[in-house]
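# Residue-level structure breakdown
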Amino acid sequence: MRRSKSCSMLILLLLVLVPERVAFCGPFAPAAGEEETTAISMDNAEIVAWATSWTDLVYGERVTDSYKTPDKALGPATGSNTDIVSLGCGGMITLGFDSSIRNGVGWDFVVFENSFSDTFLELALVEVSSNGRDFVRFDHYSLTEASVSEFGTIDPTDIKGFAGKYRIGFGTPFDLSDLALKSEVLNGTLDLSSISHIRIIDVSGEGDVQDSHGNPIYDPYPTNISAGFDLEAVGVRYEAAESFSNQPEQPRLNSPQNNSVDIGLTPLLQVESFSDADTNDLHLLTKWELSSSSSFGAESLKMKLYSGQNLTNLRIPSLLLDKEETVYWRVQFLDTAGNSSAWSESFQFTTTGFDVETPIVEYDWDGDGVSDTGISTFISTGTDDIEVYIGIAPGTNVNRIERIVDLDSVEFNDQLDDSPVEFPLGVFGLKLVPEDSDNRLLFTVYFSEAAPDNAFWHTYDPIYGWQEDIRAYFNADRNRLYLSVEDGSADIGDGDGMKNGVVIYTGGLATRESRSSESGTEGIGSKGGCFISTIQSTLALKQFFLLATIALFSIVWSVAVDWMGKKKST
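My aim in this report is to walk through the structure given alongside it, one point at a time. Computed from a prediction, not measured in an experiment: that's the story for all the values here. (Residues numbered from 1 in each chain as written. Predicted model: local features only at pLDDT ≥ 70, side-chain atom pairs only at ≥ 80, totals over all residues. Heavy atoms only, no water.)

## Topic: the sheet that holds strand S22 (residues 313-315)
Formally: By this definition, two strands are paired if DSSP reports at least two bridges between them. Each helix is a run of DSSP H or I of at least 4 residues and each strand a run of E of at least 2, with the numbering of both proceeding from the N terminus. Axis lines are fitted to C-alpha atoms, over the contacting stretch for helices. Their N-to-C directions set the angle, which ranges from 0 to 180 degrees.
Spatial ordering of the open sheet is given by S17-S19-S22, a layout of three strands whose pairing is antiparallel. Whereas interior strands pair on both sides, the edge strands pair on one side only; in this sheet they are strand S17 (253-255) and S22. Each adjacent strand pair in this sheet contributes to an overall mean axis angle of 25°, direction not counted. Both strand S19 (residues 268-271) and S22 contribute to a ladder of three bridges, which runs antiparallel. Within S22, the residue paired with Leu268 across the bridge is Arg315.

What follows is the structure, given as structure tokens:
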């Protein structure tokens, strides 16, 4: 039986407009209307401008001429499903603006798509440029585990950093500060105070494109007629009304005071507030350096980090400092125009003579009656009622585990007190030596007790604090955890931020409030503890039934026409 194009489109409408009960399970922001969503309404009063021109338009596959309408991507979002340009599979478009965009507080621009529902999501990558030639892409993450059919769905809590995360009428916001650590920003190629172009690139959702962590990206595939990302509009929150040429004032260090002694091994470094003569110029980054020498030579550096958050304080991670050690520290400020301050004066302090060694014990992990010497095991002091053994086994690219410390057995300052989660099996730190600093290190964590269903692995980032590690995953029994870290990458587990042949790692199994009354049983990477939400169609129920009636009539009419044609031919 053949069906007309209009009939097929109506069936698609019915598939995506039916009220659906969806489990939101991932670690990222949920759909529009849900608590903690980042969705921006097209009626948001903070949107002050819209895209006014387009260029470099390349259509991908499977998009008909009727949807090749780039002018419809200009001007305000309307909330109309047809007021769009379809890019096709792998297509792209570059948008221009009457005034350039600057980095402000929070999100700076927002991209609107025309999705019919909270889960039928077609995704796109987003890049920006301040000269129209050199583009920098926002990091993006996809935890969708398998391919998605043409009319399939995506959990919005499994994606981050893509345009197309939200349904029609609600846009995906982008914060230029998220690009602060990109090399193009640090070397001046991209000026976050003057963004002139935004490029939207459709994701070919068959899994051949990878996200920023190397995971395959899936979205509905293959779609037809209006295939690929359907761009409705791009709205601007902050326009660049002035140029910023002044460098920030020299930072002033606060604590620990110069020449302090008996300082703990995980001190909080504090600096006074940012100041800049340029109006509306913001504090973009703070560069922190910690050294064993007042000269701050490359060979003496113990830590070098850029922070784009918590810009005036930084917690030194565990295992970076030794007892009775004298170190020097200094900071530098960078503003949103890319101007750098002079370095602060340097302060020195000397650490306490107190330190604790965590005893390594024997344990039979495989139950064969013999202790497993290849797994470094300790007894966690972070548990209340039960004795829990934790083992660390080096894997790929780990030359050796130089040190393990059970951090619940030492004064951990307020690193745990400030965390929004609890650690039922304690927290530990590692000092790892890689075989090759250019490749990731893999290791396994063993637990003598299965991890709770609502427990997720968290890594301590000295810039952002405790962060759920979306790369970690459990075995089926939830008593083995597989981790990866990278020398020199603070956001991938190395607390010193330097590629120096040493990885300083802090992590712990943390529980959070379940997003559902229906507790999951799967581990990290398989998602457990979901938020169950009934997603209503954007149309009223009576409109749904009207469409259903029309679709049914169209199918009957198509069958009748087909039958009449066959009868006439005989």
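## Details of the pairing of strand S8 (residues 124-129)
What counts here: Each residue is assigned to one of three classes by its accessible area relative to the maximum for its type, calculated with a 1.4 Å probe on protein chains only: buried under 20%, partly exposed between the two thresholds, exposed over 50%.
Where burial is concerned, most of S8 is hidden: six out of the six residues are buried. Judged by which residues are buried, S8 turns out to be covered on both faces: Ala124, Val126 and Val128 on one side and Leu125, Glu127 and Ser129 on the other are all buried. Here two bridges tie S8 to strand S9 (residues 136-137), and the two strands are oriented antiparallel to one another. The residue of S9 that forms the bridge with Val128 is Val136. With antiparallel pairing between neighbouring strands as the criterion, S8 and S9 make up a hairpin whose turn holds six residues, including Gly132 at a positive phi of roughly 80°.

## Digging into the pattern of salt bridges
Oppositely charged side chains can form a pair if their charged atoms are brought close together. Note the following rule: Any carboxyl oxygen of Asp or Glu that lies within 4 Å of a side-chain nitrogen of Lys or Arg is treated as forming a salt bridge with it.
Applying the stated criterion across every chain, the model contains 18 salt bridges. The salt bridge involving Arg400 is made with Glu402; its shortest N-O contact spans 3.0 Å. Residue class for Arg400 comes out partly exposed when judged on its relative accessible area of 41%. On the basis of relative accessible area, Glu402 is assigned to the partly exposed category, the value being 39%. Between Glu486 and Arg440 there is a salt bridge, with its nearest N and O atoms 3.3 Å apart. Pair noted here: Glu486 is in the loop between strand S33 (480-485) and strand S34 (503-511) and Arg440 is in the loop between strand S28 (427-434) and strand S29 (441-447), with a separation of 46 residues, a long-range link. What makes Arg440 partly exposed here is its relative accessible area of 28%. Within the structure, one salt-bridge network assembled from shared partners comprises Asp56, Glu127, Arg137 and Arg199.

## A few points about the sheet that holds S34
Reading across the sheet, the five strands line up as S27-S28-S34-S30-S31 and stay open at both edges, with antiparallel pairing between neighbours. Two strands bound the open sheet, and with one partner strand each, they are strand S27 (398-406) and strand S31 (465-468). Averaged over all pairs of adjacent strands, the angle between strand axes in this sheet comes to 30°, irrespective of strand direction. Sheet topology note: the strand S30 (residues 455-461)/S34 ladder contains five bridges and is antiparallel. By the bridge assignment, Phe456 is partnered in S34 with Ala510.

## Examining empty space enclosed by the protein
Definition in use: Within this scheme a cavity is a closed region of a 1 Å grid, computed over the protein atoms alone, that accommodates a 1.4 Å probe without allowing it to escape, whereas a pocket is open but has protein on both sides within 12 Å along at least five of seven lines; lining residues each have an atom within 4 Å of a point. Grid points are joined across faces, edges and corners, and a volume is the space filled by probe spheres set on the points. Each residue gets one label: Ala, Val, Leu, Ile, Met, Phe, Trp, Tyr, Cys and Pro are nonpolar, Asp, Glu, Lys and Arg are charged, and the others, such as Gly, are polar.
For the structure on display, the rule yields one cavity of 30 Å³ or more. Along its surface, the largest cavity is lined by Arg62, Cys89, Asp202, Val203, Ser204, Gly205, Asp219, Pro220, Tyr221, Thr223, Ala227 and Gly228. Here the lining of the largest cavity is built from residues that sort into five nonpolar, four polar and three charged.

## A few points about the packing of aromatic side chains
The following threshold applies: Only Phe, Tyr and Trp rings are paired, with Trp represented by its six-membered ring, and only when their centres lie within 6.5 Å; those with planes under 30 degrees apart are stacked, over 60 edge-to-face, the remainder tilted.
Scanning the model with the defined rule gives 18 aromatic pairs in all. Each ring, one from Phe274 and one from Phe333, has its centre 5.8 Å from the other, and the planes form 55°; the classification is tilted. In this pair, Phe274 sits in the loop between S19 and strand S20 (283-291) while Phe333 sits in strand S23 (residues 326-335), placing the two residues 59 residues apart along the sequence. Summarising the aromatic geometry, the rings of Tyr460 and Trp466 are spaced 5.2 Å apart at their centres and angled 65° between planes, so their arrangement reads as edge-to-face.

## Description of the nonpolar core
Under the convention used in this document: Side-chain atoms within 4.5 Å link the members of a nonpolar core, which is a set of buried Ala, Val, Leu, Ile, Met, Phe, Trp, Tyr and Cys residues. The contact rule is simple, with two residues in contact once any of their heavy atoms fall within 4.5 Å.
Counting 34 residues, the largest nonpolar core has Phe109, Ile200 and Leu231 as the members making the most contacts within it. Elements with a contribution of two residues or more to this core: strand S6 (92-101), strand S7 (109-113), S8, strand S13 (195-202), strand S16 (230-236) and S20. Broken down by element, this core gets its largest block of residues, four residues, from S6. Sequence-distant contacts of Phe109, defined by excluding residues within four places in its chain, comprise Val126, Val128, Phe138, Thr172, Pro173, Phe174, Leu176, Ile198, Val234, Gly235 and Val236. In terms of nonpolar packing, the next biggest core, distinct from the first, is built from 31 residues, Leu314, Ile316, Phe349 and Val427 among them.

## Topic: the side chain of Glu127
Assignment of secondary structure puts Glu127 in strand S8. Assessed through its relative accessible area of 8%, Glu127 is described here as buried. If near-sequence neighbours (up to four positions away) are discounted, Glu127 is found in contact with Phe135, Val136, Arg137, His197, Ile198, Arg199 and Ile201.

This is a description of form; function is not addressed.
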